[in-house]
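Observations on the three-dimensional arrangement
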Amino acid sequence: MTTLKAVRGTRDLLPPETALWNRIEAVARAVFARYNFGEIRTPIFEDTSLFARGVGEETDIVSKEMYTWEDRARAQSEKSQSLTLRPENTAGVVRAYIEHKLGETGQLQKLYYIGPQFRRERPQKGRYRQFFQIGAEVIGPPSAGSESPLRDAEVLEMLATLLDELGITGWTLHLNSVGSSADRARYNEALRAALEPIAHTMCADCQRRAVTNPLRVLDCKVPEDQPIIEKLPRIADHLDPESQQHFAAVTAALDAAGVPYTLNHRLVRGLDYYTRTTFEFTHGGLGAQNAILGGGRYDGLSEALGGPRAPGIGFAIGEDRLVLTLQAQEPDQNSAPRQAADAYIAPLGEAMNAAALSLARELRHTGLAVELGEGSFRLKKSFEAADKTARCIVILGEDELQSGILTVKDFSTGTQTKVPRAELAVFLAEPNRG
Ligand code: AMP
């Protein structure tokens, strides 16, 4: 029989690496709490049309990368429906915002999420078919101030704080404005016109994009095309006065807060719903897939999904890439020994197993981390197992049970101590015993 393996592009996360994932998520939750964000959990699959309308039919995600299936009706009252594993979470959050009429509160909604996303991309280091994103959205009616450039600057300042608190050093914030959808349409036409006479000198992808989606030419990484792309019209020269002022206010607030950024006129991002501010944080240690996170403003998304006017701004951090960055920065993160338990309880003989479980229960209730041994092991084997998993071994035989005096051996000092059962928890919790 062939052995089964995790599907291409998916992975198992095992201890001790999962400890790093948990630390990252704990830091993110703590930072989000300080900025007064609340958690949202949306379903992992949604109606396919949510992504077609919310992300855009023309995008790579929707046109090539989605896991979509026809969910057959199981009863006469049901209809069969096209469903898709979520390739990103913003569309789901905005769908929930509309469905639960969160706009009617009149307040800004500040929501964060942590969870898996699915895209059928070509797997490589830092790019998977199931990957994890930590993201947040600030969305609300215009009367709640959702269009204000201060919201953009606050979100970017929060991200700088989060990366700093995670200990990620050397990140770069790339910033751009893609203007209103009218600005983008005008710019698209200017690009199309500029590309028409020269596209035939560019790579095959650019030749195609020059016709189908000229903005995407700016994503091209082919070295020979770079001098041509640098001479193309820039979006900054096609912004209307409101978008220009909005962007100037974002950068002024970042300057005042001391958050460093680089203007990157080629940052147009892969999703159709972005308007005005777009951004990406990159890290040099990641190789080809160097984007740690991306995001931007999406003032028209709610309306595109049939909801009320609800401007918003959000981002998604690639958690897999945070992990890779931290591992590259501190190579011993992974090889760190597993956190040792406070004690290993070694029952002497199988008859002691049940008593050992109650002792373990007693100690664990006090907050100690306890590894429970196995009475069929010889003492030597118990010592070997204990030495690998815990700081101390506690021997539990018939005598110990009767007398209530237990023998504890501390592996770090080599000392052996007799401890009354009533004092055992305090003794084991004492860091400098022996
Ligand atoms: P996007 O939703 O495309 O704006 O992506 C936001 C972030 O998610 C990126 O900057 C990456 O860090 C991460 N990301 C996107 N696609 C993948 C993937 N296939 N594997 C791992 N991380 C990804």
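This structure is a prediction, so every number in the text was calculated from the model and none was measured.

What to know about the overall build of the protein chain
Along the backbone of the protein chain there are 15 helices and 16 strands. Computed over its C-alpha atoms, the radius of gyration of the protein chain comes to 28 Å, more than 25% above the 22 Å expected for a compact globule of 434 residues. In terms of overall dimensions, the protein chain has a C-alpha envelope of 90 × 60 × 50 Å along the principal axes. Counting all 434 residues of the protein chain, 49% fall into the buried class. Surface accessibility of the protein chain: about 21,600 Å² in total, with carbon and sulfur atoms responsible for 52%.

Considering unusual backbone geometry
Look at the link from Pro-15 to Pro-16: it is a cis peptide, with omega at 5 degrees. Mapping Pro-16 onto the fold places it in the segment before helix H1 (17-34). Despite not being glycine, Lys-101 has its phi angle at roughly 50 degrees, a positive value. Mapped onto the elements of the fold, Lys-101 is located in the loop between helix H4 (90-99) and strand E5 (109-118). Notably, Arg-276 is not glycine yet its phi reads approximately 50 degrees, a positive angle. Note on placement: Arg-276 falls in strand E9 (residues 275-283).

Observations concerning a nonpolar patch on the surface
There is a patch of nonpolar side chains on the surface, built from Ile-44, Phe-45 and Trp-69 and spanning about 260 Å² of accessible area. With respect to the element layout, Trp-69 can be found in strand E3 (residues 68-71).

Things to note about the sheet that holds strand E4 (residues 81-85)
The sheet built from 3 strands is open, its strands ordered E2-E4-E3 with antiparallel pairing. Here the strands that pair on one side only, and so sit at the sheet edges, are strand E2 (45-47) and E3. Strand-to-strand, the axes of this sheet are offset by a mean angle of 35 degrees, without reference to chain direction. Strand direction decides the pairing type here: E3 and E4, joined by 4 bridges, are antiparallel. The residue bridging Thr-68 from the neighbouring strand is Thr-84, located in E4. Strands E2, E3 and E4 of the sheet are contacted by helix H2 (residues 48-56), whose axis makes an angle of about 80 degrees with E2.

Remarks on the nonpolar core
For soluble globular proteins, nonpolar side chains are generally found buried alongside one another. Ranked by size, the top nonpolar core spans 46 residues in total, and within it Phe-32, Phe-279, Phe-281, Phe-315, Ile-317 and Leu-322 carry the most contacts. Residues Leu-50, Phe-51, Val-55 and Leu-102 belong to the second largest nonpolar core, which totals 23 residues.

Re the environment of Gly-307
With respect to the element layout, Gly-307 can be found in the loop between helix H10 (301-304) and strand E11 (312-318). Placed 120 residues apart in sequence, Gly-307 and Tyr-187 show a C-alpha to C-alpha distance of 27 Å. For Gly-307, the contacting residues outside a window of four places in its chain are Ile-98 and Ser-302.

Brief notes about the domain arrangement of the protein chain
With domains assigned, the protein chain is organised as domain 1 (17-180 + 240-332) and domain 2 (343-428). Look at where the C-alpha atoms of domain 1 and domain 2 centre, and you get two points 49 Å apart.

Some points on the pairing of strand E15 (residues 405-410)
Pairing analysis gives 4 bridges linking strand E14 (residues 392-396) to E15, with the strands arranged antiparallel. Pairing of Ile-393 across the sheet is with Lys-409, part of E15. The pairing of E15 with strand E16 (residues 416-420) spans 5 bridges and is classified as antiparallel. The partner of Val-408 across the bridge, within E16, is Thr-417. Connecting E15 to the antiparallel partner E16 that follows it, the hairpin turn spans 5 residues, and Gly-414 within it adopts a positive phi of roughly 80 degrees.

Observations regarding the packing of helix H5 (residues 149-166) against helix H9 (residues 241-257)
Two packed helices can be described by the angle between their axes and the distance between those axes. At a minimum axis separation of 8 Å, H5 and H9 run at an interaxial angle of 40 degrees. Our classification of the angle between H5 and H9 gives oblique. Seen along the crossing, H5 lies across H9 with a hand that is right-handed. Each of Pro-149, Asp-152, Ala-153, Leu-156 and Glu-157 in H5 lies in contact with H9, whose residues at this interface are His-246, Ala-249, Val-250, Ala-253, Leu-254 and Ala-257. Its residues placed into classes, the contact of H5 with H9 shows 8 nonpolar, 1 polar and 2 charged.

Some thoughts on the site of the ligand
Around the ligand, the structure places 15 residues, and the nearest of them are Arg-119, Glu-121, Tyr-128, Arg-269 and Ala-291. At 2.8 Å from a nitrogen atom of the ligand is found a main-chain nitrogen or oxygen belonging to Tyr-128. Between the ligand and Leu-293 there is a distance of 3.4 Å, counted from an oxygen atom to a backbone nitrogen or oxygen. Protein chains shield 91% of the accessible area of the ligand, which is 480 Å² for the free molecule. When contributions to the shell around the ligand are tallied by element, the ones reaching two or more residues are strand E6 (130-139), strand E10 (291-297) and E11. The element that contributes the greatest number of residues to the shell around the ligand is E10, accounting for 4 residues.

Rules behind the numbers
Residues numbered from 1 in each chain as written. Predicted model: local features only at pLDDT ≥ 70, side-chain atom pairs only at ≥ 80, totals over all residues. Heavy atoms only, no water. Helix = DSSP H or I, 4+ residues; strand = E, 2+ residues; numbered from the N terminus. Rg over C-alpha atoms; globule rule 2.2 N^0.38 Å. Buried < 20%, exposed > 50% of the residue type's maximum accessible area, 1.4 Å probe, protein only. Areas by Shrake-Rupley, 256 points an atom, 1.4 Å probe, with all protein chains shown as cover. Patch = residues over 30% accessible without salt bridge, like charges linked within 9 Å, V, L, I, M, F, W, Y side chains within 5 Å. Salt bridge = Lys/Arg side-chain N within 4 Å of Asp/Glu carboxyl O. Pairing = 2+ DSSP bridges. Axes fitted to C-alpha atoms, helices over the stretch in contact; angles between N-to-C directions. Contact = heavy atoms within 4.5 Å. Core = buried A, V, L, I, M, F, W, Y, C linked by side-chain atoms within 4.5 Å. Domains from an automatic or database assignment. Parallel < 35°, antiparallel > 145°, perpendicular 65-115°, else oblique. Left-handed = near helix turned anticlockwise from the far one by under 90°. Nonpolar A, V, L, I, M, F, W, Y, C, P; charged D, E, K, R; others polar. Near = heavy atom within 4 Å. Polar contact = N/O pair within 3.5 Å; in protein donor to acceptor, adjacent residues only side chain to side chain.

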